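A look at the structure
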Amino acid sequence: MTEQDFLLLKTLDQTRNITQTAKILHLTQPAVTRQIQMLEDELNATLLLRSRHGIRFTPEGDITLKAALDADQILIQLRQALNSAKGYICGTLHAGISMNYARHYLPAILQNFRQSYPKVTAQINVRHSWVLYNSFLSGDYDLAILPGEYPWNECKKTILLEQVFAVMSSCYENTPLEEIPFIQRQTDAFFERNANRWLEENKIFPNQNCIAINNTEACLEMVRHNLGWAIIPQCCLKNFNGIAKPLSFADGTPFLRTTYLFYTRKSAELPQVQAFINEMEAQIC
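The paragraphs below set out a description of the structure included in this document.

What counts, and where the lines are drawn
- Residues numbered from 1 in each chain as written.
- Predicted model: local features only at pLDDT ≥ 70, side-chain atom pairs only at ≥ 80, totals over all residues.
- Heavy atoms only, no water.
- Salt bridge = Lys/Arg side-chain N within 4 Å of Asp/Glu carboxyl O.
- Helix = DSSP H or I, 4+ residues; strand = E, 2+ residues; numbered from the N terminus.
- Buried < 20%, exposed > 50% of the residue type's maximum accessible area, 1.4 Å probe, protein only.
- Lys, Arg positive; Asp, Glu negative; His and termini not counted.
- Contact = heavy atoms within 4.5 Å.
- Phe/Tyr/Trp six-rings, centres within 6.5 Å; stacked < 30°, edge-to-face > 60°.

According to the stated counting rule, one finds nine salt bridges in the structure shown. The salt bridge involving Glu221 is made with Arg224; its shortest N-O contact spans 2.7 Å. A residue pair is termed a helical-turn pair when its members lie 3 or 4 positions apart in one helix, as Glu221 and Arg224 do in helix α9 (residues 216-224) at three residues. The exposure class assigned to Arg224 is partly exposed, which follows from its relative accessible area of 32%. When salt bridges with common partners are traced through the structure, they connect Arg197, Glu201 and Asp251 into a single cluster.

Pasting the structure below:
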């Protein structure tokens, strides 16, 4: 078995689909099938069962997958140890970053990080926070940057605390919010709970004309085109020229959103991960 076989098995385990595996590995589907057949011939075992619904690992396939993942991790640790002995930090950083944070803050952070650690390869996955959280729990990332109060028992640092606003175009300046169509933005469950709390406290009950959308930039474009108002965190309003009113709850506490850096103690032992954590801490200071 080779490292290419390790990567193939790991990707097949993640996707459970040969077509998706081929796409991720930038191979053709026949090439993936041939590689599987060659590996099965080498091991004299059937590793996969195929059906219309995808693939499943056989018992022999499960044993092979575990051995491949263990061997791959040993090789990674060996390279990191050898490179550390050479006096510089390298390796691969696997990170999951929420969409809004990636859009507004990550480019500058990554620029500084790459200048300081040019030998580190950063593999960044940018998606909705609730999707990244589940992938992070599955061990797909060394660390994750997510807004919201997700359950987590290991290391977590606050990296951003921002005000939340009601935003609308200038044409609605003197119009009560309850008379303006509400544009509901799909986001993490904690933010949605706080948004619903604020709406209830202010006796605003969105009607059937409410627009539901799962993208912040598209939501703001609708606001700019006078289609309604929305509840948006501060980081997304850098280029917004309409009206933005900071929100507070009935007890006087401001409506804030917290973004955290999540990681495990084990992942922090990797030099490239600790270097990125240090970079984030420097940004906070």
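Before going further, it helps to examine the side chain of Asp142. Take Asp142: it is sitting in the loop between α7 (129-137) and β5 (143-147). Within the buried set, Asp142 has no salt-bridge partner at all; the shortest N-O distance to an opposite charge, 8.4 Å, is to Lys10. In this structure Asp142 touches Thr92, Leu93, His94, Phe136, Tyr263, Thr264, Ser267, Leu270 and Val273, once residues within four positions along its chain are discounted.

This part takes up the packing of aromatic side chains. Per the stated rule, a full pass over the model turns up twelve aromatic pairs. Relative to Phe276, the ring of Phe113 lies with its centre 5.3 Å away and its plane at 80°, an arrangement referred to as edge-to-face. Taken together, the residues Phe113 in helix α6 (residues 106-116) and Phe276 in helix α10 (residues 271-284) connect sequence positions 163 residues apart. Ring centres 5.4 Å apart and planes at 40° place the aromatic pair Phe191 and Phe255 in the tilted group.

Fair warning: the whole summary comes from geometry, so function is off the table for now.
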